[in-house]
Amino acid sequence: MSTSINPYRGFRFPAAIINEAVWLYHCFSLSLREVELILAARGIEVSYETIREWGLRFGRDFATTLRRRRPKPGDKWFLDEVFIRIRGKQHYLWRAIDRDGVVLDILVQSRRNTKAAKRFFRKLLKGLRYAPRVLVTDKLKSYAAAKKDLKLGSEHRQSRYLNNACEVSHQPTRRRERHMKRFKSVRHAQRFLSTHSPIHNHFQLRRHLISATEYRDTRARAFTIWREVTGLALTA
């Protein structure tokens, strides 16, 4: 009979503290030193470098599990790209969300031409057995060209005004970028945002669109799922 290896084995701090630090760092716009200060106020002496290592080691697993457990995306997707500067060079962060504001995927690339759009579409659709009913983008011609080359049958709506939801979805990334004093490399940006987006998005409940009772119930479910996900690390 095989036994699973405890991923927290050998760590000085218990799993609850490690999970709390990862949650604080990715759920709020806090720097590593600010998370260190919050933990210190609770009597937990740990350096920000240790918190960084916890995020790298456990954050990706938590994000992957949350992504697998998310419900089926809506049939209307919003796609947008925003520039980010890495080591003085301009890159583009491609992002897709569904009609409920759930981040489906992100990809950092150096171009925003047809080849880059096709690469993002393939990454976005990988593992899915269906295409969305409607794609909403800005007026970048690369989207239409990539959609034609990949023979996607989705309705394509191009308007600078219909895509506000995806543009708003970039705001947490901008806040993190300022706190981190910009990303250090393309790999760093892709790795961090692939972890940050599912965790941060999991707790963004669009409070202005639901009633107080529904909000409290949804928030309770979000924390229940988070506890299950972080608990899965003990037996995965």
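Residues numbered from 1 in each chain as written. Predicted model: local features only at pLDDT ≥ 70, side-chain atom pairs only at ≥ 80, totals over all residues. Heavy atoms only, no water.

Looking at an unreviewed UniProt entry, the chain carries the name IS6 family transposase, with the source organism given as Azospirillum aestuarii.

1. Things to note about the overall build of the chain
A tally of helices and strands in the chain yields nine helices and five strands. For a compact globule of 236 residues, the expected C-alpha radius of gyration is about 18 Å, and the chain comes in at 19 Å, within 12% of that figure. Based on the C-alpha atoms only, the size of the chain along its principal axes is roughly 55 × 45 × 45 Å. Counting over 236 residues, the chain shows a buried share of 44%. If the 50 positive side-chain charges of the chain are averaged to one point and the 21 negative ones to another, these points end up 5 Å apart. (Helix = DSSP H or I, 4+ residues; strand = E, 2+ residues; numbered from the N terminus. Rg over C-alpha atoms; globule rule 2.2 N^0.38 Å. Buried < 20%, exposed > 50% of the residue type's maximum accessible area, 1.4 Å probe, protein only. Lys, Arg positive; Asp, Glu negative; His and termini not counted. Charge placed at Lys NZ, Arg CZ, Asp CG, Glu CD.)

2. Quick word on the nonpolar core
Among the nonpolar cores identified, the biggest contains 45 residues, and Val35, Leu39, Ile51, Trp54, Phe62 and Phe183 are the most heavily contacted of them. Every residue in contact with Phe183, bar those within four places of it in the chain, is listed here: Ile84, Ile86, Arg87, Glu177, His188, Ala189, Phe192 and Leu193. Core analysis: the next-biggest nonpolar cluster, separate from the first, contains 18 residues, Trp77, Trp94, Phe121 and Leu125 among them. (Core = buried A, V, L, I, M, F, W, Y, C linked by side-chain atoms within 4.5 Å. Contact = heavy atoms within 4.5 Å.)

3. Some thoughts on the environment of Leu193
Note that Leu193 resides in helix α8 (residues 186-202). Separated by 20 residues in the primary sequence, Leu193 and Thr173 have C-alpha atoms spaced 7.6 Å apart. Among residues more than four places away in sequence, those in contact with Leu193 are Leu93, Ile106, Thr173, Phe183 and Pro198.

4. Considerations on unusual backbone geometry
A positive phi angle is found at Arg87, which is not glycine, with a value near 50 degrees. In this structure, Arg87 sits in the loop between β1 (76-86) and β2 (89-98). Although it is not a glycine, Lys181 adopts a positive phi angle of roughly 55 degrees. Following the sequence through the fold, Lys181 ends up in the loop between α7 (171-179) and α8.

5. Side note on the packing of helix α3 (residues 48-69) against α8
Viewed as axis vectors pointing N to C, α3 and α8 meet at an angle of 55 degrees, and their least axial separation amounts to 9 Å. When the axis of α3 is compared with that of α8, the two are oblique. Handedness of the crossing formed by α3 with α8: left-handed. Along the contact surface, α3 presents Leu56, Gly59, Arg60, Phe62, Ala63, Leu66 and Arg67, while α8 presents Arg191, Ser194, Thr195, Pro198, Ile199 and His202. Considering only residue class, the contact of α3 with α8 consists of six nonpolar, four polar and three charged. (Axes fitted to C-alpha atoms, helices over the stretch in contact; angles between N-to-C directions. Parallel < 35°, antiparallel > 145°, perpendicular 65-115°, else oblique. Left-handed = near helix turned anticlockwise from the far one by under 90°. Nonpolar A, V, L, I, M, F, W, Y, C, P; charged D, E, K, R; others polar.)

6. Regarding the pattern of salt bridges
This structure, assessed with the given rule, holds 10 salt bridges. Taking the shortest distance from any N to any O, the salt bridge between Glu228 and Arg69 comes out at 2.9 Å. Residue Glu228 is found in helix α9 (residues 212-232), and its partner Arg69 is found in helix α3; the two are separated by 159 residues along the sequence. Taking the relative accessible area as the measure of exposure, Glu228 reaches 38% and is therefore partly exposed. Between Glu177 and Arg174 there is a salt bridge, with the nearest N and O atoms lying 3.0 Å from each other. Pair noted here: Glu177 and Arg174 are both in helix α7, with a separation of three residues, about one helical turn. (Salt bridge = Lys/Arg side-chain N within 4 Å of Asp/Glu carboxyl O.)

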